[in-house]
Number of protein chains: 2
Amino acid sequence: MEDQISKISDAANRMRISSIEQTAKANSGHPTGSCSAAEIVATLFFSEMRYSVKEPRHASADRFVLSKGHACPILYAAWEEAGLLTREQVLTLRKLNSDIEGHPTPRLSFIDVATGSLGQGLSCAAGMAYTGKYIDNASYRVYCLLGDSESAEGSVWEAAAFASYYKLDNLVTIVDVNRLGQSRVTMLGHDLFTYAKRFEAFGFNSIIVDGHDVADLLKGFDEARPTNSNYACTLKGKGIEGVEDKDNCHGKPVTLDKAEIIASKLENKTTKNLWELENLIDDAPEVDFEIGKVKMNSPPNYQIGEKVATRLAYGNALVNYCFGWKFLKNFSDVSNSTSSDKVLNKYPQQFVQCFIAEQNMVGVAVGMSCRERTIPPASTFAVFFTRAADQIRMEAISFANVKFAGSHTGVSIGEDGPSQMGLEDLALFRAVLIIKELLLLVLDVPTLLLFIQTEKFERKNKVIRQTNEDKYLLIGAGVTLMIF
Amino acid sequence: MEDQISKISDAANRMRISSIEQTAKANSGHPTGSCSAAEIVATLFFSEMRYSVKEPRHASADRFVLSKGHACPILYAAWEEAGLLTREQVLTLRKLNSDIEGHPTPRLSFIDVATGSLGQGLSCAAGMAYTGKYIDNASYRVYCLLGDSESAEGSVWEAAAFASYYKLDNLVTIVDVNRLGQSRVTMLGHDLFTYAKRFEAFGFNSIIVDGHDVADLLKGFDEARPTNSNYACTLKGKGIEGVEDKDNCHGKPVTLDKAEIIASKLENKTTKNLWELENLIDDAPEVDFEIGKVKMNSPPNYQIGEKVATRLAYGNALVNYCFGWKFLKNFSDVSNSTSSDKVLNKYPQQFVQCFIAEQNMVGVAVGMSCRERTIPPASTFAVFFTRAADQIRMEAISFANVKFAGSHTGVSIGEDGPSQMGLEDLALFRAVLIIKELLLLVLDVPTLLLFIQTEKFERKNKVIRQTNEDKYLLIGAGVTLMIF
């Protein structure tokens, strides 16, 4: 045990050195936030987690989400220590054409979701844990490392409420409380008791540990679940002389001599351990459908000229879409208005109620989709997708395969007033980079049916009315077509 | 006292009747969420709050924010009971051209901020309370009524953390825990203890009351501050026979005979009381500047061809902008990266640190600006404004005068990777309805100066290079101009 603790501590220091070198070579990046998390990540990777170095995306492998994405040098260093990456590779940090980016993205084999925009990791991790517990029924666990600054983001608390509501006892959250934010001391500083109290109020078990003490960390991870959470008291820039626990060092590389001082303190100076990792438990099921080939069960039997309430058409379409897809899940918080409760009624096992928390709904969907085991449609009023604008942006960077289904678009919701009107969401979705397949269902079915449902839409325009005497070209979409 | 309680209870029932009639006449709207809050609002309006019926926006009047905006019929009914509106006026609910809209907007004299998109009210209320305590140094209080469903929104917890961090003991929060969300039971149902525990963990005092018992409500409001919070156990549709505490009645009007049943139970059948309201304490100072005429102290002394870091130019501009404006406040969470810490250093009393919680930052700014006593610039990385997309949209509907200053736009932040890149924010801001003055500072100052700073920008295009041999027209903005 003593030997194990010393081995992990040395690994943490080697990862520290690597982080310093990566950022020094890049002349940018975040060595200090990496160093505060060195022991946490080393303990996770070399004692706690069950994964395959050769196959990081193995369906049964534990997942790790680095929510504090700017600390990615320590993550790259962990995979270097584990033997997946070389020092040469991690030293390409922040170089053009390198996948070792300044913030993690799934361009790397060991990363499931892009992070960097803070406060989103826990929702994604909760989505993964939900998938593990309720869809895969597998024993893999999900670890999420948060920074203390980012716990000021409300989306963290949306995710915490979701995790405890669904009793995700396969989710382990660690908050790296290093006291210092980007520009100054965080709201709570080193007040770990208040962090613990807040997470406890949201249904977590809380264990406070010394985040630089490997023995304490090991004990913390062993302690009670479900929905375990560790609050690790750490020092920003831990180990870096003249920088440790100092303000105004966020995002600033340090000189290489700082790495040498850390190296001189190593007990085990060998550059790499041969780790005997605990084997993963291979119990995640095979996926029984082909991603990317989702088709409706049958097209709805509407007739041109018929009047159909958009919300009903929407519910019908969702039910058709969900038909028969064992792994397909649907999300909603306004389900009786959007008629997505039709899915709840017909396929209750395919419905995840996310309540009124859109940021988390999208984050959970991203987490659920990231291993290509589900294709979740996220469903709410179109206008409320703007609440999750940043999560949707990160969904695209994550190459996730989430279907966004927004109801009540445009001016059709007049009586409720402008706060309920979906208009700006169109600009949002148009601006998001479409990496894989970002399908926007903006309810192109107007109350009065203008198209035959079997027509194929090519993502181009369609001419609805045209005469030889036309003088003006009117362009519309969704419900604005009603003006014709 | 007995008489007072009975008078308020009767007022609550008259307001209930009015809510039923408003929504029945409109054939849409939310009588059930209104009825659950009837005693809460009646107690606030006819015992607790200090305001002027004739001048609802009086600088020294207590503020009331109905965060659960869909319950506006009960708010309109309160102002009807107070004598500002007539029954005829409130019966124009949801009619075209009526200001009695389906969700509250400042088109009405007694509403400061638009609500309806849930979870935003507490941030706005916190901004008002901050203004009252730290800028006006006045004794008015801010009351915010939340629904229980909306407390699943993370922005509520961002606001709670802000309120306790700044010790806003002039803010009173009430959560109407009526158990039922739009489509089903909320995450916590009637578990008021967990609500209390959560708010307590975020620094609030918690008092659980029976939300239909006026005596209990009066006692609750009298109890300890600072940062008081009441959790009122209520029944959705309270008083409406066959609807009370029943699922699936959200947003559904009921027939008028339900109003008659309530009327038959009234002790005091007179249609209106003459209320002797507690006078407001007229101690809010005069505003000593003209809104809408903010100018920089002096333009920066840059030369064409000179290289200036955008973050430095940004900080310089903010300092100039803030010069001498007693009531001006600046917000930031990445202040050392954006150089807005220059404001902190030079005008510390004009700097409100909002930490990493963009939704709350914008909400607070809206709350601060709504009585035209401050012109807050909200400042962060441009990309992180997408986190607050819905708050920005509601800012426009609120006619607020917030200046959004986003740094690190476009592809200039390449080494940090796509999660930090401001691109989609342009689409967001372009799509938001500009009601008053929504100024987007997207850092048009490139590293290499191309314009003279004294040139006037007309919100049109500017031709940078042109020759007689030109074959192509290139259009760019912000840092993309660097490609020229």
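Residues numbered from 1 in each chain as written. Chains lettered and ligands numbered in written order. Predicted model: local features only at pLDDT ≥ 70, side-chain atom pairs only at ≥ 80, totals over all residues. Heavy atoms only, no water.

1. As for the interface of chain A and chain B
Item 1. The interface is formed by 68 residues belonging to chain A together with 68 residues belonging to chain B.
Item 2. The contact between chain A and chain B buries some 5700 Å² in all, and 51% of this surface belongs to carbon and sulfur atoms.
Item 3. Ranking the residues of chain A by area buried against chain B places Met187, Ile356 and Arg387 of chain A at the top, with a combined share of 13%.
Item 4. In this structure, the connection of chain A to chain B is made through six salt bridges.
Item 5. A salt bridge links Asp416 of chain A to Arg94 of chain B; the shortest N-O distance between them is 2.5 Å.
Item 6. Linking chain A to chain B there are 32 residue pairs in polar contact (both at pLDDT 80 or more).
Item 7. Put simply, the parts of the chain that give the side of chain A that touches chain B at least two residues each are α7 (154–165), α8 (192–201), α12 (335–338), α14 (358–369), α15 (389–397) and α16 (424–431) of chain A.
Item 8. Element by element, the count of residues in the side of chain A that touches chain B is highest for α7 of chain A, at seven residues.
Item 9. By residue class, the composition of the side of chain A that touches chain B is 24 nonpolar, 28 polar and 16 charged. (Contact = heavy atoms within 4.5 Å. Buried area = accessible area lost by both parts, 1.4 Å probe. Salt bridge = Lys/Arg side-chain N within 4 Å of Asp/Glu carboxyl O. Polar contact = N/O pair within 3.5 Å; in protein donor to acceptor, adjacent residues only side chain to side chain. Helix = DSSP H or I, 4+ residues; strand = E, 2+ residues; numbered from the N terminus. Nonpolar A, V, L, I, M, F, W, Y, C, P; charged D, E, K, R; others polar.)

2. Concerning empty space enclosed by the protein
Item 1. Inspection of every chain in the model, using the stated rule, returns 15 cavities of 30 Å³ or more.
Item 2. Taken as a whole, the largest cavity spans an internal volume of roughly 210 Å³.
Item 3. Forming the boundary of the largest cavity are 23 residues, of which Phe355 of chain A together with Ser149, Ala152, Thr186 and Met187 of chain B lie nearest the centre.
Item 4. The set of elements that each furnish at least two residues to the lining of the largest cavity consists of α7 of chain A together with α8 (192–201) of chain B.
Item 5. Among the elements that take part in the lining of the largest cavity, α7 of chain A stands out by supplying three residues, more than any other.
Item 6. When grouped by side-chain class, the residues that make up the lining of the largest cavity number eleven nonpolar, seven polar and five charged.
Item 7. Considering only enclosed or pocket space, the second largest cavity measures out at about 170 Å³ in volume.
Item 8. Residue lining of the second largest cavity: 19 residues in total, with Ser149, Ala152, Thr186 and Met187 of chain A together with Phe355 of chain B positioned closest to the centre.
Item 9. Looking at the lining of the second largest cavity residue by residue, the classes come out as eight nonpolar, seven polar and four charged. (1 Å grid on protein atoms, 1.4 Å probe; cavity = no way out; pocket = protein on both sides within 12 Å on 5 of 7 lines; lining within 4 Å. Points joined across faces, edges and corners; volume = space filled by probe spheres on them.)

3. Section: the packing of aromatic side chains
Item 1. Applying the stated criterion across every chain, the model contains 49 aromatic pairs over all chains.
Item 2. Note on Phe45 of chain A and Phe46 of chain A: the rings are 6.3 Å apart at their centroids and 55° apart in plane angle, and the pair reads as tilted.
Item 3. Its relative accessible area of 1% is what places Phe45 of chain A among the buried residues.
Item 4. The buried category is assigned to Phe46 of chain A, whose relative accessible area is 4%.
Item 5. Seen from their ring centres, Phe404 of chain A and Phe429 of chain A are 5.5 Å apart, and the 55° between their planes marks the pair as tilted. Taken together, the positions of Phe404 of chain A in strand β9 (residues 403–407) and Phe429 of chain A in helix α16 put the pair 25 residues apart, joining distant regions of the chain.
Item 6. Classification of Phe404 of chain A as buried rests on a relative accessible area of 0%.
Item 7. Judged by its relative accessible area of 5%, Phe429 of chain A is buried.
Item 8. Put simply, the rings of Phe45, Phe46, Tyr51, Phe64, Tyr76, Trp79, Phe110 and Trp275 of chain A pair up and form one aromatic cluster.
Item 9. Across the ring face of Tyr140 of chain B, the terminal group of Arg63 of chain B is positioned such that the distance to the ring centre comes to 3.8 Å.
Item 10. For the cation-ring pair, Arg198 of chain B lies above Phe202 of chain A, with the distance from its terminal atom to the ring centre recorded as 4.1 Å. (Phe/Tyr/Trp six-rings, centres within 6.5 Å; stacked < 30°, edge-to-face > 60°. Buried < 20%, exposed > 50% of the residue type's maximum accessible area, 1.4 Å probe, protein only. Lys NZ or Arg CZ within 6 Å of the ring centre and 35° of its normal.)

4. Examining the sheet that holds strand β2 (residues 142–147) of chain B
Residue and element names in this part refer to chain B.
Item 1. Read across the sheet, five strands follow the order β1-β2-β3-β5-β4 without closing on themselves; strand pairing throughout is parallel. The outermost strands of the open sheet, each flanked by one partner alone, are β1 (63–66) and β4 (205–210). Strand-to-strand twist of the sheet, defined as the mean angle between neighbouring strand axes without regard to direction, takes the value 20°.
Item 2. Where strand β3 (residues 171–177) and strand β5 (residues 228–233) come together, six bridges link them in parallel fashion. Within β5, the position partnered with Thr173 by the bridge is Ser229.
Item 3. Set on the sheet, α8 makes contact with β2, β3, β4 and β5; between it and β5 the angle comes to about 165°. (Pairing = 2+ DSSP bridges. Axes fitted to C-alpha atoms, helices over the stretch in contact; angles between N-to-C directions.)

5. Considerations on the packing of helix α14 (residues 358–369) of chain B against helix α15 (residues 389–397) of chain B
Residue and element names in this part refer to chain B.
Item 1. The N-to-C vectors of α14 and α15 enclose an angle of 15°; their axes lie 8 Å apart at closest approach. When the axes of α14 and α15 are compared, the pair comes out roughly parallel. The element α14 and its partner α15 pack so that their crossing is left-handed. Two secondary-structure elements touch here, α14 through Gln359, Val362, Gly363 and Val366 and α15 through Gln391, Ile392 and Glu395. (Parallel < 35°, antiparallel > 145°, perpendicular 65-115°, else oblique. Left-handed = near helix turned anticlockwise from the far one by under 90°.)

6. A short note on the confidence of the model for chain A
All names here are of chain A.
Item 1. When pLDDT is averaged along chain A, the result is 83; 81% of the residues meet or exceed 70.
Item 2. Per-element averaging of pLDDT across chain A places strand β10 (residues 440–441) at the bottom with 41 and strand β1 (residues 63–66) at the top with 98.
Item 3. Note that pLDDT drops below 50 for residues 324–330; the model gives that stretch 39 contacts with residues more than four away or on any other chain.
Item 4. In the predicted structure, residues 435–447 sits below a pLDDT of 50 and forms 44 contacts with residues beyond four places in sequence or in another chain.
Item 5. The complex prediction reports pTM at 0.90, with the ipTM value standing at 0.89. (pLDDT = per-residue confidence, 0-100.)

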